[in-house]
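# Coordinates in review
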Amino acid sequence: MNIKVIAFDADDTLFINEPYFEETEKKFCGIMEAYLSHQSLSQELFDTQIANLPLYGYGIKGYTLSMVETAMKVSNNTVSIKCIEKIIELGKELTQKPIVLLDGVEETLQSLKGKYKLVVATKGDLKDQQRKLHDSGLGHYFHHIEVMSNKKESDYLKLLQRLEIEPNEFYMIGNSLKSDVLPVLEIGGHACHVPYHTTWAHEMVEHNVVHENFNEIENIKEVVSLLSK
């Protein structure tokens, strides 16, 4: 492989993210349980998030607005100001969660730095992702940080243009087949899937990937030996 750039997804690839959202969702359902069951509230919130993605994109701000909108919808606009205040506070709490690196992340970055150009290619809110990377202490490993509005073929092609490389010189590492693997393979790049034990429903796909440019590993540390072959 003639790899020049290795890109890492951030959330649930470099550090914990989805468990914080699951915790917040449970608290939201607890606030609104007088109106619907937790299961129904979770589904309503998910549907609202998906409908709002074209407007708000990915990240905590859009998630918080979707919680407020869901609360208004399921209560037929009768939800109290106190409940809305609690929901907004849940969103603020999300922005203050501790940054917990996943096993093997820093060791892997130390091994790869200097051999390849390392970048972050992640979705989410720009300010929040910058905060997390700063607080993680990983920022100095990366040449470039790209917070993407989406991760489709066209988005990756734009990233490659900015990096001034060809698709076959690009290697993407992430926990989502839908966002980090399939679109990259589609444009001729290389991709490595590092599954995380919990994944947002929107990122789940039923897909058995068989491709010469694809690898799946259990721990991110295995990337080093893969690239040395």
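Here's a quick rundown of the structure. These numbers were taken from a predicted model, which means no experiment stands behind them.

## Remarks on the overall build of the protein chain
In terms of helices and strands, the protein chain carries nine helices and six strands. Relative to its length of 229 residues, the protein chain is compact, with a C-alpha radius of gyration of 19 Å against a globular reference of 17 Å. If one aligns the C-alpha atoms of the protein chain with their principal axes, the spans along those axes are about 60 × 35 × 30 Å. Nonlocal contacts in the protein chain, meaning residues at least 24 apart in sequence, comprise 70% of its contacts between residues at least 6 apart. Of the accessible surface of the protein chain, which amounts to about 11700 Å², a share of 50% is contributed by carbon and sulfur atoms. Across the protein chain, the mean location of the 23 positive side-chain charges is 5 Å away from that of the 34 negative side-chain charges.

## Focus on the pattern of salt bridges
Under the counting rule described, the total for this entry stands at 13 salt bridges. A salt bridge links E23 to K27; its shortest N-O distance comes to 3.4 Å. With a gap of four residues between them, E23 and K27 both fall in helix α1 (residues 18-31), about one helical turn apart.

## Description of the sheet that holds strand β6 (residues 214-216)
The parallel open sheet is built from six strands, whose spatial order is β3-β2-β1-β4-β5-β6. Whereas interior strands pair on both sides, the edge strands pair on one side only; in this sheet they are β3 (144-148) and β6. Strand-to-strand, the axes of this sheet are offset by a mean angle of 20 degrees, without reference to chain direction. Docked against the sheet, helix α8 (residues 177-186) engages β2 (117-123), β4 (170-174), β5 (190-193) and β6, running at close to 155 degrees with respect to β5.

## Brief notes about the nonpolar core
Counting 27 residues, the largest nonpolar core has I6, F8, L14, F142 and I173 as the members making the most contacts within it. Put simply, the parts of the chain that give this core at least two residues each are β1 (5-8), α5 (105-112), β2, β4 and α9 (222-227). Setting aside residues no more than four positions away along its own chain, L14 makes contact with F8, D9, V100, L101, L102, V105, V120, L133, L138 and F142.

## Focus: α5
Within the span of α5, buried status applies to V105, T108, L109 and L112. The arc that holds every buried residue of α5, seen down its axis, measures 95 degrees, which confines them to one face. The positive-phi residue at the C-terminal boundary of α5 is G114, with phi of around 95 degrees.

## Side note on the pairing of β2
Across the seven residues that make up β2, a large majority, six, are buried. Pairing analysis gives four bridges linking β1 to β2, with the strands arranged parallel. Following the sheet pairing, V5 is matched in β2 by K117. With five bridges connecting them, β2 and β3 associate as parallel partners. Among the inter-strand pairings, K123 is bridged to a residue of β3, identified as M148. The parallel pair β2 and β3 is bridged by helix α6 (residues 126-136), and the resulting crossover is right-handed.

Rules used throughout
Residues numbered from 1 in each chain as written. Predicted model: local features only at pLDDT ≥ 70, side-chain atom pairs only at ≥ 80, totals over all residues. Heavy atoms only, no water. Helix = DSSP H or I, 4+ residues; strand = E, 2+ residues; numbered from the N terminus. Rg over C-alpha atoms; globule rule 2.2 N^0.38 Å. Contact = heavy atoms within 4.5 Å. Areas by Shrake-Rupley, 256 points an atom, 1.4 Å probe, with all protein chains shown as cover. Lys, Arg positive; Asp, Glu negative; His and termini not counted. Charge placed at Lys NZ, Arg CZ, Asp CG, Glu CD. Salt bridge = Lys/Arg side-chain N within 4 Å of Asp/Glu carboxyl O. Pairing = 2+ DSSP bridges. Axes fitted to C-alpha atoms, helices over the stretch in contact; angles between N-to-C directions. Core = buried A, V, L, I, M, F, W, Y, C linked by side-chain atoms within 4.5 Å. Buried < 20%, exposed > 50% of the residue type's maximum accessible area, 1.4 Å probe, protein only. Arc of directions from axis to C-beta. Right-handed = clockwise from strand over helix to strand, strands pointing away.

That's the geometry; what it means functionally is another story.
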